[in-house]
Amino acid sequence: MRTEMFQQALGDLNGSSADIEASALISTDGLMIASALPHDMDEDRIGAMSAALLSLGDRTARELGRGVLGRVLIQGERGYVIMSAAGPEAVLTVLAKPNAKLGLIFLDIKRATETLSQLI
């Protein structure tokens, strides 16, 4: 039942913008909770990388006096990877197109993380 609610929240996020290509909810220890990713992506690998990057970003923000981490953003030639905490125990990872309107995506991610953190 909870898995279905996680999947629904990810489906809603992916449908909220044509700029969002995929998303996944991952535990902070790197285990996949739910995903709306393409079938050719290795979920275990994505889970481990997302959790590690969010943890490293959080530590970096604290060590450099930047306060609480908002998100980790990676920009590549084929688009963006955006990671944001979804409560204290999960990471929301979103893949977005290269020409995405990031402000709108950040708003959609914020709404999704609020919903997902209540479900966890």
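Everything here concerns the structure above.
Residues numbered from 1 in each chain as written. Predicted model: local features only at pLDDT ≥ 70, side-chain atom pairs only at ≥ 80, totals over all residues. Heavy atoms only, no water.

On a plain count of helices and strands, the protein chain comes out with 3 helices and 5 strands. Scanning the protein chain from its N terminus toward the C terminus, one meets helices and strands in the order α-β-β-α-β-β-β-α. Against the compact-globule benchmark of 14 Å for 120 residues, the protein chain has a radius of gyration of 13 Å, which places it among compact chains. Principal axes of the C-alpha set define a box for the protein chain whose edges measure 40 × 35 × 25 Å. Here the protein chain holds 120 residues, and the buried ones make up 38% of them. (Helix = DSSP H or I, 4+ residues; strand = E, 2+ residues; numbered from the N terminus. Rg over C-alpha atoms; globule rule 2.2 N^0.38 Å. Buried < 20%, exposed > 50% of the residue type's maximum accessible area, 1.4 Å probe, protein only.)

In this section: the layout of surface pockets. Reported here for the largest pocket is a volume of approximately 350 Å³. Lining of the largest pocket is provided by 17 residues; of these, Met41, Tyr80, Val81, Thr93 and Leu95 occupy positions nearest its centre. Elements represented by at least two residues in the lining of the largest pocket include exactly α2 (43–63), β3 (72–76), β4 (79–85) and β5 (90–96). (1 Å grid on protein atoms, 1.4 Å probe; cavity = no way out; pocket = protein on both sides within 12 Å on 5 of 7 lines; lining within 4 Å. Points joined across faces, edges and corners; volume = space filled by probe spheres on them.)

On to a nonpolar patch on the surface. Together, Met49, Leu53 and Ile74 give the surface a local cluster of nonpolar side chains, amounting to about 240 Å² of exposed area. Accessibility expressed as a relative area gives 46% for Met49, which makes it partly exposed. (Patch = residues over 30% accessible without salt bridge, like charges linked within 9 Å, V, L, I, M, F, W, Y side chains within 5 Å. Areas by Shrake-Rupley, 256 points an atom, 1.4 Å probe, with all protein chains shown as cover. Salt bridge = Lys/Arg side-chain N within 4 Å of Asp/Glu carboxyl O.)

Bridging between β3 and β4 involves 5 bridges; their strand directions are antiparallel. Note that in β4 the partner of Ile74 across the bridge is Val81. The hairpin turn running from β3 into β4, its antiparallel successor, is 2 residues long. (Pairing = 2+ DSSP bridges.)

Each aromatic ring pair is specified by the distance between its two centres and by the angle formed by the two planes. Scanning the model with the defined rule gives 0 aromatic pairs in all. Here Arg71 stacks its cationic end above the ring of Phe106, 3.7 Å away from the centre of that ring. (Phe/Tyr/Trp six-rings, centres within 6.5 Å; stacked < 30°, edge-to-face > 60°. Lys NZ or Arg CZ within 6 Å of the ring centre and 35° of its normal.)

Let us look at the environment of Glu114. Tracing the sequence through the fold places Glu114 in helix α3 (residues 102–119). For Glu114, a relative accessible area of 42% corresponds to the partly exposed category. Distance in space between the C-alpha atoms of Glu114 and Ser23 is 15 Å, their sequence separation being 91 residues.

Moving on, we come to the sheet that holds strand β2 (residues 32–36). With antiparallel pairing, the 5 strands of this open sheet are ordered in space as β2-β1-β5-β4-β3. In the strand order of this sheet, the two ends are held by β2 and β3, each with one partner. Taking each pair of neighbouring strands and ignoring which way they run, the sheet shows an average axis angle of 10°. Contacts between α2 and the sheet are confined to β1 (20–27), β2, β3, β4 and β5, with β4 contributing the most and set at about 65° to the helix. Where α3 meets the sheet, it contacts β1, β3, β4 and β5, and its direction lies at approximately 35° from that of β4. (Axes fitted to C-alpha atoms, helices over the stretch in contact; angles between N-to-C directions. Contact = heavy atoms within 4.5 Å.)

Purely geometric stuff here, so don't read any function into it on its own.
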